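Breakdown of the fold
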Amino acid sequence: MSHALTPSQTIGPFFWGTIVNAYHADLAPPGVAGERIDVVLQLHDVQGAVVPDGVFEVWQANSHGRYNHPDDRRNLPLDAGFEGYGRASTFTDGTSRFTTVKPGRVPWPAGGLQAPHINVSIFARGVLNRLATRLYFDGDPALSDDPVLKLVEPARRDTLIAKRDDKGTWRLPIHLGGPKETVFFDV
Amino acid sequence: MKEETYRRPTAGDHPPNLSPDYKSTTGRAPAKPAIALPHSLSEITGPLLADERLDAHENDLTKQRMAEPLGERIIVQGRVLDQDGKPVPGALVEIWQCNAAGRYHHPGDQHDAPLDPNFYGGGRVRADAEGQYKFITIKPGAYPWKNHHNAWRPAHIHFSLFGPAFATRLITQMYFPNDPLLAYDPIYKSVPAGARERLQASFEMDLTQPEWALGYRFDIVLRGRNATPME
């Protein structure tokens, strides 16, 4: 028997204090293996203005390339205290900052490995469906071989690639529309 | 290794990103189509939040403060299922809502209606092995918003679910049956007719408790898995 999907609706402007009350912006407590990184996402609307009432969620593999999930059955280490999930609302300047470890590579169903990436969900007032995108790391030698980036026209791939600032923080602007519109994925 | 994948929504299940009657969408809707991703481990895994500790009264929004909130006490109960009707056991369900007067406990809500010091409006619960969840709360009020002249949101409760995978993440809103404001609400009506009705809870005398509270049922259906592909 087939059941009809429950449709999506906007998160609206008033989630603060309820779901984001229990947010996680620090994914990796001390002792978690891997290269520690700071990631700052910044949300922009179609005019380029920052979005101060959005929510970012991140989901990633650990530094060994293992997802903390029963459907990842590979014999790779799980790290105690690292689930790989984070959530934070945006500040008045449209940013959310996450502290985590750089994810390892995970396989691609047709063979080979994907470049290290963080899966990102975006919610906001005026956004009726969860928007999904990815964050890749500038300069990673695996980028040129990544099967997902190959699905994206070359001129738009930069919208998915975080750059490192002079403090070492990885920064990725997310544009909901306009000339710099981020590539979103139907997952 | 062959991974199981999740079924894609069909046209008409979800609202279009650009729904101009809901004015905020015009500044926030992507213009380009999303690129379909084949499902890899990145999409078929997702946060289960299995270690998240829930406090005793998180599913009873009438018992989170010093005294009972004002308003009409209600029970909201249902199941988290996939498209095959199978329960999603252990699913974390999060809700948030305004108070009975139509005001959110939120600094951005400046509607001229009273705050209720005994109502916070946030709740969480973990569905059981059969996907069953239950909240006790008060019926939220309608409230005005500035989308258009004399715009009022119908009473609603926001729901957030993760399901088993990144692909199954869903945020939605539950409405009350036969609310006359539904006919005027561009957020509800952003969902195509034929699907939007799924967002209305049903009133259930079976869930209603004598001398205590009305009961509403709201079942939530998340994406199901594709049949295992042939090797």
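Remember, predicted model here, so these are calculated numbers, not experimental data. (Residues numbered from 1 in each chain as written. Chains lettered and ligands numbered in written order. Predicted model: local features only at pLDDT ≥ 70, side-chain atom pairs only at ≥ 80, totals over all residues. Heavy atoms only, no water.)

1. A word on the pattern of salt bridges
To keep things clear, this is the line we draw: Here, a salt bridge means any side-chain nitrogen of Lys or Arg that lies within 4 Å of a carboxyl oxygen of Asp or Glu. Counting from the N terminus, the helices are the DSSP runs of H or I reaching at least four residues and the strands are the DSSP runs of E reaching at least two. Only protein chains enter the accessibility calculation, which uses a 1.4 Å probe; a residue whose area is less than 20% of its type maximum is buried, one above 50% is exposed, and one in between is partly exposed.
Overall, the coordinates contain 25 salt bridges over all chains when judged by the stated rule. Its salt-bridge partner being A:E57, residue B:R169 comes within 2.7 Å of it at the nearest N-O pair. Of this pair, B:R169 sits in the loop between β8 (156-161) and β9 (170-175) while A:E57 sits in strand β2 (residues 54-59), each in a different chain. Here B:R169 and A:E57 have matching classes, each one buried. With its nearest N and O atoms 3.4 Å apart, the salt bridge here joins B:K63 to B:D60. Here B:K63 falls in the partly exposed class, since its relative accessible area comes to 41%.

2. Some points on the environment of B:G224
Residue and element names in this part refer to chain B. What counts, and what does not: When checking whether two residues touch, look at their non-hydrogen atoms; a contact exists if any pair is within 4.5 Å.
Structurally, G224 can be placed in the segment after β12 (220-222). On the accessibility criterion, G224 (0% relative accessible area) is buried. As a C-alpha pair, G224 and D84 span 140 residues in sequence and 6.3 Å in three-dimensional space. With near-sequence residues (within four places) excluded, G224 lies in contact with T5, Y6, R7, D82 and Q83.

3. Some thoughts on the packing of aromatic side chains
Geometrically, a pair of aromatic rings is defined through the distance of the ring centres and the angle of the planes. Residue and element names in this part refer to chain B. Threshold: Pairing of aromatic side chains here covers Phe, Tyr and the six-membered ring of Trp, requires ring centres within 6.5 Å, and sorts the geometry by plane angle: under 30 degrees stacked, over 60 edge-to-face, intermediate tilted.
Tallying each qualifying case throughout the model produces 13 aromatic pairs over all chains. Between the aromatic rings of Y104 and Y143, the centroid separation amounts to 5.4 Å while the plane-to-plane angle is 75°, which identifies the pairing as edge-to-face. Residue Y104 is located in the loop between β3 (92-96) and β4 (122-126), and its partner Y143 is located in strand β6 (residues 143-145); the two are separated by 39 residues in the primary sequence. The class for Y143 is buried, based on a relative accessible area of 7%. Relative to Y188, the ring of Y175 has its centre 5.1 Å away and its plane inclined at 75°; by these criteria the two rings are edge-to-face.

4. Description of the interface of chain A and chain B
Going by this rule: Put simply, buried area is the surface a 1.4 Å probe can reach on two separate parts but cannot reach once they are joined, added for both.
Across the boundary between the two partners, chain A contributes 68 residues, which contact 83 residues of chain B. Buried area between chain A and chain B, both sides added, is near 6,400 Å², and the carbon and sulfur share of it is 59%. For the chain A face of the interface with chain B, the top three residues by lost area are A:L5, A:Q9 and A:F14, together amounting to 14%. Where chain A meets chain B, there are 6 salt bridges. We note a salt bridge from B:E94 to A:R87, for which the minimum N-O separation is 2.6 Å. Looking at the side of chain A that touches chain B, the elements that each hand over two or more residues are β2, β3 (85-89), β5 (117-124), β6 (131-137) and β9 (185-186) of chain A.

5. Quick word on the side chain of B:R28
To be explicit about the condition: Polar contacts here mean pairs of N or O atoms no more than 3.5 Å apart (in protein, one a potential hydrogen donor and the other a potential acceptor; neighbouring residues in sequence count only if both atoms are side-chain atoms).
Mapped onto the fold, B:R28 is located in the segment before β1 (35-36). Of note is the side chain of B:R28, whose polar atom sits 2.8 Å from the backbone oxygen of A:R125. Beyond its immediate stretch of four places on either side in the chain, B:R28 contacts A:D45, A:V46, A:V51, A:P52, A:D53, A:A124, A:R125, A:G126, A:V127 and A:L176.

6. Topic: the sheet that holds β3(B)
Strands belonging to one sheet form pairs held by backbone hydrogen bonds; the direction of such a pair is parallel or antiparallel. Residues and elements named next belong to chain B. Using the following cut-off: When DSSP finds two or more bridges between two strands, those strands count as paired. The axes used here are C-alpha line fits, helices contributing only the stretch in contact, and every angle between their N-to-C directions lies in the interval 0 to 180 degrees.
Taken in spatial order, the 4 strands make up an open sheet running β4-β3-β8-β9, and their pairing is antiparallel. Looking at the sheet topology across the chains shown, the edges are occupied by β4 and β9. Averaged over all neighbouring strand pairs, the angle between strand axes comes to 25°, with direction disregarded. Where β3 meets β8, 4 bridges bridge the pair, whose relative direction is antiparallel. Note on β8: the bridge partner recorded for I95 is F159.

7. Observations regarding the nonpolar core
Put simply, the test is: What makes a nonpolar core is a set of buried Ala, Val, Leu, Ile, Met, Phe, Trp, Tyr and Cys residues whose side-chain atoms join them at distances within 4.5 Å.
One finds A:Y136, A:L160 and A:F185 to be the most contacted residues of the largest nonpolar core, which totals 30 residues. Elements that contribute at least two residues to this core include exactly β6 of chain A together with α1 (41-44) of chain B. Setting aside chain neighbours within four positions, we find A:L160 in contact with A:T133, A:R134, A:L135, A:Y136, A:L149, A:V152, A:L172, A:V183 and A:F185. Within the second largest apolar cluster, 29 residues are counted, among which are A:F98, A:V120, A:L131 and A:W170.

8. Description of the pairing of β6(A)
Residues and elements named next belong to chain A. With 7 of 7 residues buried, β6 is to be regarded as a mostly interior element. Taking the residues that link successive antiparallel strands as the turn, the β5-β6 hairpin has 6 residues, and the phi of G126 there is positive, at about 85°. One ladder, built from 2 bridges, connects β6 with strand β7 (residues 161-164); its direction is parallel. Along β7, the bridge assignment pairs Y136 with I161.

9. Description of a nonpolar patch on the surface
Residue and element names in this part refer to chain B. The cut-off we apply is this: Exposure above 30% relative accessible area and the absence of a salt bridge qualify a residue for a patch, where like charges join within 9 Å and nonpolar side chains (Val, Leu, Ile, Met, Phe, Trp, Tyr) within 5 Å. The protein chains shown are the only cover counted for residues, whose accessible areas, like all others here, come from Shrake-Rupley with a 1.4 Å probe.
Side chains of F203, M205 and L214 sit close together on the surface and give an oily, nonpolar patch of about 290 Å² of accessible area. When you line up the elements, L214 lands in strand β11 (residues 214-217). Assessed through its relative accessible area of 32%, L214 is described here as partly exposed.

10. Quick notes on unusual backbone geometry
Residue and element names in this part refer to chain B. The residue L49 is not glycine, and still its phi comes out positive at about 50°. Counting through the fold element by element, L49 comes out in the loop between α1 and β2 (73-82). Positive phi values are uncommon outside glycine, yet N178 reaches one of about 60°. Within the fold, N178 resides in the loop between β9 and β10 (202-203).

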